[in-house]
Amino acid sequence: MKKVIIYTLLALLSALFLAPFFWLLTTSLKAPTELYLFPPKWLPSELHFNNFAKAWTSQPFSLFLQNSLIVTGLSLIGQLLSSALVAYGFARYKFKGRDALFILLLATMMIPWEVTMIPLYMEFNYLGWINTLKPLIVPSFFGAPFFIFLLRQFIMTLPVELEEAARIDGANPVQIFLRIITPLMTPALVLVGVFHMLNSWNDYLGPLIFLNDQSKYTLTLGLAQFRGMYGVDMEGIMAVTTLICIPPLAIFFMAQKHIVEGVAGTGIKG
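All of these numbers come straight from a predicted model, not from anything done at the bench.

Rules and cut-offs
- Residues numbered from 1 in each chain as written.
- Predicted model: local features only at pLDDT ≥ 70, side-chain atom pairs only at ≥ 80, totals over all residues.
- Heavy atoms only, no water.
- Helix = DSSP H or I, 4+ residues; strand = E, 2+ residues; numbered from the N terminus.
- Contact = heavy atoms within 4.5 Å.
- Expected span 1.5 Å × (residues − 1).
- Bend = angle between axes of the 7 residues up to and from the residue.
- Buried < 20%, exposed > 50% of the residue type's maximum accessible area, 1.4 Å probe, protein only.
- Phe/Tyr/Trp six-rings, centres within 6.5 Å; stacked < 30°, edge-to-face > 60°.

1. Concerning the environment of Leu 63
Point 1. Position of Leu 63 among the secondary structure elements: in helix H3 (residues 61-92).
Point 2. Taking the C-alpha atoms as reference, Leu 63 lies 8.1 Å from Thr 218; in sequence the two are 155 residues apart.
Point 3. With residues up to four places along the chain from it excluded, the contact list for Leu 63 reads Ser 215 and Tyr 217.

2. Here's the deal with helix H13 (residues 234-254)
Point 1. When the terminal C-alpha atoms of H13 are compared, their 31 Å separation across 21 residues agrees well with the 30 Å that a helix rising 1.5 Å per residue should span.
Point 2. If you look at H13, its biggest bend is around 30 degrees, right at Ile 246, and the proline Pro 247 turns up within four residues after that.
Point 3. Every buried residue belonging to H13 is among Glu 235, Gly 236, Ile 237, Met 238, Ala 239, Val 240, Thr 241, Thr 242, Ile 244 and Pro 248, and all of these are buried.
Point 4. Check the buried side of H13 and you find it contacts helix H1 (2-28), helix H2 (50-58), H3, helix H10 (186-202) and helix H12 (219-224).

3. What about the packing of aromatic side chains?
Point 1. Overall, the coordinates contain 14 aromatic pairs when judged by the stated rule.
Point 2. Here the aromatic rings of Phe 146 and Phe 147 are separated by 6.0 Å at their centres, their planes lie at 50 degrees, and the arrangement is tilted.
Point 3. Looking at Phe 146, the relative accessible area reads 36%, which means it is partly exposed.
Point 4. Since its relative accessible area comes to 5%, Phe 147 is described here as buried.
Point 5. Between Phe 252 and Phe 253, the ring centres sit 5.7 Å apart and the planes meet at 70 degrees, which makes this aromatic pair edge-to-face.

Spelled out as structure tokens, the structure:
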């Protein structure tokens, strides 16, 4: 009886969680006349699959997709490389002021991005990077405090004896990091990669501030083009949003096992 109650509650919570996604999908397939009915109509009387093609071609979304892939891919490489190197340094090397520097790094997590928004714009404007993709990519090559913290916690769970054995065999620090530490860090790196990919893929405020030319727009900015002065193309928004959600969902389900291992590994030792 207890299991029946638990499974029933889980099924209800799952349905509650999936309801917005179901509404998103069904609304993207509706005719314009069915969008604003009251009470709302969950299922369309006729499936309009042409809404997807119409919405995608109404704006240069192929170009927006290309820009989003460039930003997400390059920033992902930079984030993984820089965060892993800094985390390894904090986890394994002892130097004067290491703990104080790490606390200072964690303290920067309390600074909202909105506070640094204007100084960042002034800095990128001075460098001539406004209306380019550089402000969305280059900062990732300097690491992120939260990701550095996660990777450091994971590295501290790895046996030091592995590195000592490799050092005795003649491996230098670079070889130890690349051949010993990096393969063992795969779950944590996947976790960081998924988190960063979601942040970068769904980022709206960053592109809105730094990009002016439509040819540089990402998918999130392109999605905002459906909101006009006199109305909102609701079926277009829902159709493109459905398409935009597919890559993150696919990556999440493929990396789910490593995500669980990464979360478990980062909490074993503090």
